Amino acid sequence: MKSIHKVVVLGANGAMGSGSAAVFAGVGIRTVMLARTVEKAESGRSRAEQLGKGAIATGFIECGSYEGLEAAVGDADLVLEAVSEDLSVKREIFARLDAIRRPGTIVATVSSGLSIAAMGRDRSADFQASFLGVHLFNPPTIIRGCEVVPHTGTDPGVLAVVRDFLVTRCNREVVETADTPAFAGNRLGFRLLNEVAQHAEEYGFAAIDQLIGAHTGRALAPLATIDLVGWDVHAAIVDNLYATTHDTGHAQFALPAYMKRAIGAGILGRKAGGGFFKQVGKKEAAKHFVLDVATLDFVPLVQPEPSALVVAMRAALASGGHIGAMTVLADAEGPDADVLRQILLGYVSYGLGLVGKVVRKPRDIDRIMAFGFNWAPPSVIVDAIGAARTIALLERYRLPVPQAVVDSARHQRALFAEPAVDRARFFPLAA
């Protein structure tokens, strides 16, 4: 099996370029960081070294500009493209690479959802055979989940080399997905995030983030997650999914009109000063604000009192763990329970419904949500509620029942197949 000893990263000054370089150089891989200028590449190196937190030995990172592309890729084993998420820009880069790379050099894109086949279309047969997606999650120095995405022309041997490299050298948790819009993790994750955003204007931003908080199996509440990701990035992902997918999740990918209006006014999340929420100052002295969608101004945030459902689920987590919390949710009455069940059951239904279409097994969707998003995987929720009861609830909310849940109920066996993974880790409030 071919070994990877040298990696060239294109787009080295971006978040994913510098983050991936930190991963490679941190495990002793010779890494060349290229950007439009040497100065931009050097800024990427500084960011990579900060992310590496002392793990990157001197001499493992070199910097340069695209003017030196031919020399840099001449002896490269892997070229990782991390330029802007624009199909035409990426295709231009790949056309240039195709003309200068030596046969057999592996080329990968870190695209979070564009078609791998479309990016490599019209390239040489050798390029297409050596081309695939490697979707690292940001920041890759912290998040170990990774999707590898071959297209129909990817050589299986190339896929095996890249998978082995990511697992054994880079300590990644790798899931293979089909070349479909947004692959698996983002397709499922952003369906939930955008569905929450659709409910948020009516429900209240602070209230809905409180409803769908840590007690539901996530480290960061949904709207706070969108603020962290960036509203423009969120919009690009869901707009692409709304345009290219026409399945049971189609309606949940429609970007809310208030978000579109706010993005046009420059409201882009934390990186631009605020999104749903805004913080001024640090720690105890910080002042917190929330977006007023009518005026697009930020007003002082008044945290609502937790609903009875949230209080009960948190108490159950503290005393009996996530199974107790999900039992409370399954039994609860009222509008809060209906909203939360609809969202969590939609996550279960859509996620496990991707099995056989985007991923091969339930374990694949579970692993990418566990290690890519740090969310409780769909199967953990099914097991906590019980497969038979999950089916009844899915039918109650008119959501498709995945075959994996049917099989779990029929054979009375747990669905989450990761004995080494502590389920409680997904529920930060658990005892």
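Residues numbered from 1 in each chain as written. Predicted model: local features only at pLDDT ≥ 70, side-chain atom pairs only at ≥ 80, totals over all residues. Heavy atoms only, no water.

Structural notes on the overall build of the protein chain
When helices and strands are tallied, the protein chain shows 19 helices and eleven strands. Taken over the C-alpha trace, the protein chain has a radius of gyration of 22 Å; the compact-globule value for 431 residues is 22 Å, and the two agree within 12%. With the C-alpha coordinates aligned to their principal axes, the bounding extent of the protein chain is approximately 65 × 55 × 40 Å. Sequence-distant contacts in the protein chain: of pairs separated by 6 or more residues, those separated by 24 or more amount to 71%. As displayed, the protein chain has an accessible area near 18000 Å², and 54% of this comes from carbon and sulfur atoms. Positive and negative charge centroids in the protein chain, built from 44 and 44 side chains respectively, lie 3 Å apart. (Helix = DSSP H or I, 4+ residues; strand = E, 2+ residues; numbered from the N terminus. Rg over C-alpha atoms; globule rule 2.2 N^0.38 Å. Contact = heavy atoms within 4.5 Å. Areas by Shrake-Rupley, 256 points an atom, 1.4 Å probe, with all protein chains shown as cover. Lys, Arg positive; Asp, Glu negative; His and termini not counted. Charge placed at Lys NZ, Arg CZ, Asp CG, Glu CD.)

Structural notes on helix α15 (residues 335-353)
Its 19 residues place the ends of α15 26 Å apart at the C-alpha level, agreeing with the 27 Å of an ideal helix rising 1.5 Å per residue. When you tally the buried positions in α15, you get 14 out of 19 residues, the bulk of the element. (Expected span 1.5 Å × (residues − 1). Buried < 20%, exposed > 50% of the residue type's maximum accessible area, 1.4 Å probe, protein only.)

A short note on the pattern of salt bridges
Inspection of the entire model under this criterion finds 23 salt bridges. Between K90 and E81 there is a salt bridge, with its nearest N and O atoms 2.5 Å apart. Given a relative accessible area of 1%, K90 falls into the buried group. K90 serves as the salt-bridge partner of E85, at 3.5 Å between the closest nitrogen and oxygen. (Salt bridge = Lys/Arg side-chain N within 4 Å of Asp/Glu carboxyl O.)

Thoughts on the packing of aromatic side chains
With the rule as written, the count across this model stands at twelve aromatic pairs. Among the aromatic residues, ring-to-ring pairing joins F137, Y347, F373 and W375 into one connected group. If you follow R218 out to its NZ or CZ, it ends over the ring of W375, 4.8 Å from the centre. (Phe/Tyr/Trp six-rings, centres within 6.5 Å; stacked < 30°, edge-to-face > 60°. Lys NZ or Arg CZ within 6 Å of the ring centre and 35° of its normal.)

Thoughts on the environment of A221
Considering the arrangement of structural elements, one finds A221 in the loop between α9 (205-211) and α10 (222-229). Residues within four places of A221 in sequence aside, it is in contact with D209 and I212.

Concerning the side chain of R218
Structurally, R218 is set in the loop between α9 and α10. The side chain of R218 sits in the buried core without any salt bridge; D209 is the nearest counter-charge, 8.5 Å away. Separated by 2.8 Å, the side chains of R218 and T216 make a polar contact. Sequence-distant contacts of R218, defined by excluding residues within four places in its chain, comprise L192, I212, G213, L344, N374, W375, F426 and P428. (Polar contact = N/O pair within 3.5 Å; in protein donor to acceptor, adjacent residues only side chain to side chain.)

Re the packing of helix α14 (residues 322-331) against α15
Contact pair α14 / α15: the axes reach a minimum separation of 9 Å and the direction vectors enclose 120 degrees. The interaxial crossing formed by α14 with α15 has left-handed handedness. Facing M326, L329, A330 and D331 of α14, the residues of α15 in contact are A337, L340, R341 and L344. Across the contact of α14 with α15, the residue classes tally to six nonpolar, no polar and two charged. (Axes fitted to C-alpha atoms, helices over the stretch in contact; angles between N-to-C directions. Left-handed = near helix turned anticlockwise from the far one by under 90°. Nonpolar A, V, L, I, M, F, W, Y, C, P; charged D, E, K, R; others polar.)

Quick word on the nonpolar core
Among the nonpolar cores identified, the biggest contains 84 residues, and F205, L223, F276 and M326 are the most heavily contacted of them. If one sorts the elements of this core by residue count, α15 sits on top with ten residues. Sequence-distant contacts of M326, that is, excluding residues within four places in its chain, are made with H215, T216, M313, L344, I381, A384, I385 and F427. If you look at the next biggest cluster of nonpolar residues, it comprises 34 residues, including V7, V9, I106 and C170. (Core = buried A, V, L, I, M, F, W, Y, C linked by side-chain atoms within 4.5 Å.)

What about the side chain of S65?
The residue S65 is located in strand β3 (residues 61-65) in this model. Given the relative accessible area of 12%, S65 is considered buried. Those residues in contact with S65 that sit more than four places away from it in its chain are L34, A35, R36, T37 and V38.

Overview of unusual backbone geometry
Glycine aside, residues mostly have negative phi, and peptide bonds are mostly found in the trans state. Following N138, the chain continues to P139 via a peptide bond in cis, the omega torsion being -5 degrees. Looking at the element boundaries, P139 is found in the loop between β6 (131-136) and β7 (145-150). Look at K53: it is not a glycine, yet its phi comes out positive at around 50 degrees. What makes K53 exposed here is its relative accessible area of 73%. With phi around 50 degrees, K283 is a residue other than glycine that occupies positive phi space. By secondary structure assignment, the location of K283 is in the loop between β9 (277-280) and β10 (287-292). The class of K283 is exposed, set by a relative accessible area of 72%.

Digging into α14
Among all positions in α14, only H322, A325, M326, L329 and A330 are buried. The buried residues of α14 occupy an angular sector of 140 degrees when the element is viewed end-on, so they sit on one face. Looking at the buried positions of α14, the neighbouring elements they touch are α13 (308-320), α15, α17 (378-385) and α18 (387-396). (Arc of directions from axis to C-beta.)

Quick look at the sheet that holds strand β8 (residues 173-176)
Reading across the sheet, the eight strands line up as β3-β2-β1-β4-β5-β6-β7-β8 and stay open at both edges, with mixed pairing between neighbours. Two strands bound the open sheet, and with one partner strand each, they are β3 and β8. Along the sheet, successive strands turn relative to each other by an average axial angle of 25 degrees, direction set aside. Pairing analysis gives four bridges linking strand β1 (residues 6-10) to strand β4 (residues 78-81), with the strands arranged parallel. Within β4, the position partnered with V7 by the bridge is L78. Together, β1, β2 (30-35), β3, β4 and β6 form the strand contacts of helix α1 (residues 15-26), whose direction differs from that of β2 by roughly 165 degrees. The strands touched by helix α7 (residues 156-169) within the sheet are β1, β4, β5 (106-109), β6, β7 and β8, with β7 carrying the most contacts at an inclination of about 170 degrees. (Pairing = 2+ DSSP bridges.)

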